[in-house]
Amino acid sequence: EARQQRIETDARALAEGAGLTLHPDPGLLAENAGLVEWPVVLMGRIDDTFMDLPPEALVTSMREHQKFFACTDADGNLAPRFIVVANTQAADNGRAIIEGNERVLRARLEDARFFWDNDRRTPLADRVPRLAERVFHASLGSELDKVERVRALAATVAAHVPGADAGAVDRAALLARADLTTGMVDEFPELQGVMGRYYAHNDGEPAAVAEAIAEYYAPLGPSDSCPSAPVSVAASLADKLDTIFWFFAIGEKPTGSKDPFALRRAALGAVRLIVENNLRLPLAAAFRHAGGMGAAALPQGGAQAVIDELLAFFADRLKVALREQGVRHDLIAAVFARSGDDDLVRLLARVNALSAFLDSDDGVNLLTAYRRAANIVRIENRKDGLDQRAASVETAALVDREEQDLFDRLCRVETACATAIDNEAFGDAMAELARLRPAVDAFFDHVTVNAEDPRLRANRLSLLARIGSAMEGIADFSRIEG
């Protein structure tokens, strides 16, 4: 920790002394702290002839091969300087160390220059057939097979992405993996997509296509930025959905802590693409289309068996994303238990509406009343060996004004809630539920549920069960804690 702090402090001071800013790289900082015992931070120069290389290629070459830090100028552009951490205090103040590292870096960047110049001689479109020589997965065919599946699925996905040009989406899906055949990406796999954008610009591809290639694998994690450009969103989402469907179909699904194909990360990325871009994409239909591509034999039960499993898997990923945003897990469970929905945006709207409802006094009090009603029905059903939820309310047996009022209010609220839910006005549905509270309070204050008359008792239990049915059309309130 002391070495790491010393390296960072000295490197920042050295960069600032040259009017530059140290390029942040926590992983490289930790690696250098483990490589040296007595850190001495020095600054060297990058030969100006290499500064026309893509900055990502320069930074990656310095980082991966030499463990050098990069620097940026006042405009945020890569500066022709690097910072190296030596392991000794040299008598010449490090002059020989700097010169030696500059020579080695020059040789490394000559390699990068060769890759850059050579790769641009072959357009990305001409590289696509070479993907047939690369195996995506032994059971799922080549990288070219993967590309063709994604192109077909991307056409379906693009229809649900506002502003996505179908032709541009198809072109991006066709070219996105082509840079895997380039020398630069072969040397630095972490530059896949990044170099594809440069090569696409070099080939004269549309800007939207080039950006979609660069963002094809995003988001890679919770801290990674999520694409918002329509073409990028459609292409990236189609790739992730295809990957997830077919790995589940061949049985290569996550188990416990093992997830060798990063399917949880891919699903979380897909969730972010859908939710953050407010896409009204029916997941079941998208997966059904993916299943029609025939990459491998489907398991027993066909595509539907895989889809059912995947919808539960995506629900879990959405729960993870919501928990990270501070949403209570019990509210998520309450909504998911009742919705049977594959529209993630609509599910999220339900959760938000429920959360707002339970933050109000009416919501809290109605939840208390619901629990009281549910407990009475459960206890009495256990005594009688019946399921009162299946019984209808007999209007002729509603003798007290309070139970008549509750029944009338329930009928109106159920109709209004159904309309609000159909219109996806979930806040309005919760507001309708809140209107039950006075009638429910009056019922409990003035009506005896366990009346001596068996007919009245059974009818009142059915009325209480009706309260639960009305509320559980929106969420399973029994799952809400506290």
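Residues numbered from 1 in each chain as written. Predicted model: local features only at pLDDT ≥ 70, side-chain atom pairs only at ≥ 80, totals over all residues. Heavy atoms only, no water.

### A closer look at the packing of aromatic side chains
So the rule is basically this: Between rings of Phe, Tyr and Trp, where Trp is taken as its six-membered ring, a pair exists when centres lie within 6.5 Å; planes separated by under 30 degrees are stacked, by over 60 edge-to-face, and by other angles tilted. The way it works is that DSSP assigns letters per residue, a run of H or I at least four long becomes a helix, a run of E at least two long becomes a strand, and they are numbered from the N terminus. When accessible area is computed with a 1.4 Å probe and restricted to protein chains, residues below 20% of their type maximum are described as buried, those above 50% as exposed, and intermediate ones as partly exposed. Either the NZ atom of lysine or the CZ atom of arginine qualifies as a charge over a ring when it sits within 6 Å of the ring centre and within 35 degrees of the ring normal.
The tally for this structure, following the rule as stated, stands at 14 aromatic pairs. Taking 6.1 Å as the distance between ring centres and 90 degrees as the angle between the ring planes, the aromatic pair formed by W116 and Y198 counts as edge-to-face. One end of the pair, W116, is in helix α4 (residues 95–119); the other, Y198, is in helix α9 (residues 194–202), and 82 residues separate them in sequence. Assessed through its relative accessible area of 8%, W116 is described here as buried. What makes Y198 partly exposed here is its relative accessible area of 22%. Measuring from centroid to centroid gives 4.9 Å for F248 and F313, while their planes differ by 50 degrees, and the two rings are tilted. Linking F248 in helix α11 (residues 230–249) with F313 in helix α14 (residues 302–324), this pair joins segments that are 65 residues apart in sequence. With respect to class, F248 is no different from F313; both count as buried. One aromatic cluster is present, formed by F245, W246, F248, F287, F313 and F314 through successive ring pairs. Taking the ring centre of Y198 as reference, the NZ or CZ of R197 above it sits at 5.9 Å. Above the ring of F444, the side-chain terminus of R372 is found at 4.1 Å from the ring centroid.

### Observations concerning the nonpolar core
For clarity, the threshold we go by: We define a nonpolar core as any set of buried Ala, Val, Leu, Ile, Met, Phe, Trp, Tyr and Cys residues linked to one another through side-chain atoms lying within 4.5 Å. Throughout, a contact is declared for two residues whenever any of their heavy atoms are within 4.5 Å.
Core analysis: the biggest nonpolar cluster contains 148 residues, and M184, L241, F245, F314, L354, L433 and F477 have the highest contact counts within it. Considering every element that reaches this core, the biggest residue donor is α11, with 13 residues. L433 has contacts with F357, L366, V413, C417, A470, M471, I474 and F477, leaving out every residue within four places of it along the chain. With 16 residues, the next largest nonpolar core counts I7, L20, V36 and I83 among its residues.

### Examining the confidence of the model for the chain
Detailed reading of predicted coordinates is not advised where the pLDDT is low. Applicable threshold: Each residue carries a pLDDT score, the predictor's own confidence in it, on a scale running from 0 to 100.
Scored by pLDDT, the chain has a mean of 91; 98% of the residues are at 70 or more. Looking at the elements of the chain, mean pLDDT is at its lowest for helix α15 (residues 329–339), recorded as 77, and at its highest for helix α10 (residues 207–214), recorded as 98.

### With respect to the layout of surface pockets
Using the following cut-off: Of the grid points, spaced at 1 Å and generated over the protein atoms alone, those admitting a 1.4 Å probe that cannot get out make up cavities, while open sets with protein on both sides within 12 Å along at least five of seven lines make up pockets; any residue with an atom within 4 Å of a point is treated as lining. Grid points are joined across faces, edges and corners, and a volume is the space filled by probe spheres set on the points. Three classes are used, and their members are as follows: Ala, Val, Leu, Ile, Met, Phe, Trp, Tyr, Cys and Pro are nonpolar, Asp, Glu, Lys and Arg are charged, and the others, Gly among them, are polar.
In this structure, the largest pocket spans a volume of roughly 830 Å³. Considering the residues around the largest pocket, the lining is formed by 29 residues, among which Q192, Y217, A218, L220 and R265 are closest to the centre. Those elements that provide at least two residues to the lining of the largest pocket are α9, α10, α11 and α12 (263–276). No other element matches the four residues that α11 contributes to the lining of the largest pocket. When its residues are assigned to classes, the lining of the largest pocket shows 14 nonpolar, three polar and twelve charged.

### Description of the pairing of strand β3 (residues 69–72)
The cut-off we apply is this: Here, a strand pair is defined by DSSP locating no fewer than two bridges between the strands.
Taking every second residue as pointing to the same face, both faces of β3 are buried, with F69 and C71 on one and A70 and T72 on the other. The pairing of strand β1 (residues 21–22) with β3 spans two bridges and is classified as antiparallel. Across the sheet, residue L22 finds its bridge partner in β3, namely C71. Sheet analysis places β3 next to strand β4 (residues 78–86), joined by three bridges and oriented antiparallel. Of the residues in β4, the one forming a bridge with F69 is I83. The turn linking β3 back onto β4 is made up of five residues, and G76 within it adopts a positive phi angle of 85 degrees.

### Considerations on the side chain of E205
Short version of the rule: Each polar contact in these results corresponds to two N or O atoms within 3.5 Å; when the atoms are within protein, one needs to be able to donate a hydrogen and the other to accept it, and residues that are neighboring in sequence are counted only if both atoms are side-chain atoms.
Examined against the element boundaries, E205 turns out to sit in the loop between α9 and α10. A polar side-chain atom of E205 sits 2.8 Å from a polar atom in the side chain of R171. For E205, the contacting residues outside a window of four places in its chain are R171, L175 and A200.

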